[in-house]
Amino acid sequence: MLSLRRCSSRQPAAAASTTTTHHNVLANVRFTGVDRADDCDLLCLDLLHAEQVRAGLPAREALDDVAARAKALADPTRLRVATALATGGAMCGGDLAWVTGLATNLVSHHARALRAAGLAASRRDGKLVVYRLTPEGEALLAALTGTPSTAAGAIVRAAVPATTTTDLEAETR
């Protein structure tokens, strides 16, 4: 059952004397047989405010990319890989596997998924593939985990070439 009538109960006191009351609508909505603990029985809309908010929302298509990026970090394994990259900077798949305690092929799969979502980037260094978080990846990870973004640190780490196993062997000779 839905019935509509004018509502002035949500109107600010300062605007009570203006003629904007015709923009407020009260709907008496009743849901029977369904547990709606989080739903209101009364729906009172301030249509002017609601239309301003609605006009300020980005288009749904613009949010699809953001949702895809957030979805990429929704997997606990990808979140673990991304956190390792945020903490350690650019790393090859083998190092990521050792750091995260996961199989190399699993780490590579999840790092590719992060790269496909635009949260990570990769480069080939001989036989190694080195992954790093993008600034967008660092920002989203920081937003999800509540830790400060380390984008500046990632930029510095990306500028310094990663030492590979063959470099280390050459240094010890």
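Nothing here was measured: the structure is a model prediction, and the numbers come from that model.

## Let's talk about the pattern of salt bridges
Then, number 1: As enumerated under the stated definition, the model contains one salt bridge in all.
Then, number 2: A salt bridge links arginine 69 to aspartate 65; its shortest N-O distance comes to 3.8 Å. Placement of the pair is arginine 69 and aspartate 65 together in helix α2 (residues 60-72), with a separation of four residues, close to one helical turn.
Then, number 3: Assessed through its relative accessible area of 42%, aspartate 65 is described here as partly exposed.

## Looking at the pairing of strand β6 (residues 128-133)
Then, number 1: Pairing between strand β4 (residues 91-92) and β6: two bridges, direction antiparallel. Note on β6: the bridge partner recorded for methionine 91 is tyrosine 131.
Then, number 2: Of the pairings in the sheet, the one linking strand β5 (residues 120-125) to β6 comprises six bridges and is antiparallel in character. Bridging from a neighbouring strand, alanine 121 pairs with arginine 132 of β6.
Then, number 3: If you look at the hairpin formed by β5 and β6, you'll find two residues sitting between the two strands, and glycine 126 has a positive phi there, around 70 degrees.

Thresholds, definitions, all that
Residues numbered from 1 in each chain as written. Predicted model: local features only at pLDDT ≥ 70, side-chain atom pairs only at ≥ 80, totals over all residues. Heavy atoms only, no water. Salt bridge = Lys/Arg side-chain N within 4 Å of Asp/Glu carboxyl O. Helix = DSSP H or I, 4+ residues; strand = E, 2+ residues; numbered from the N terminus. Buried < 20%, exposed > 50% of the residue type's maximum accessible area, 1.4 Å probe, protein only. Pairing = 2+ DSSP bridges.

Distances and angles like these do not, on their own, reveal function.
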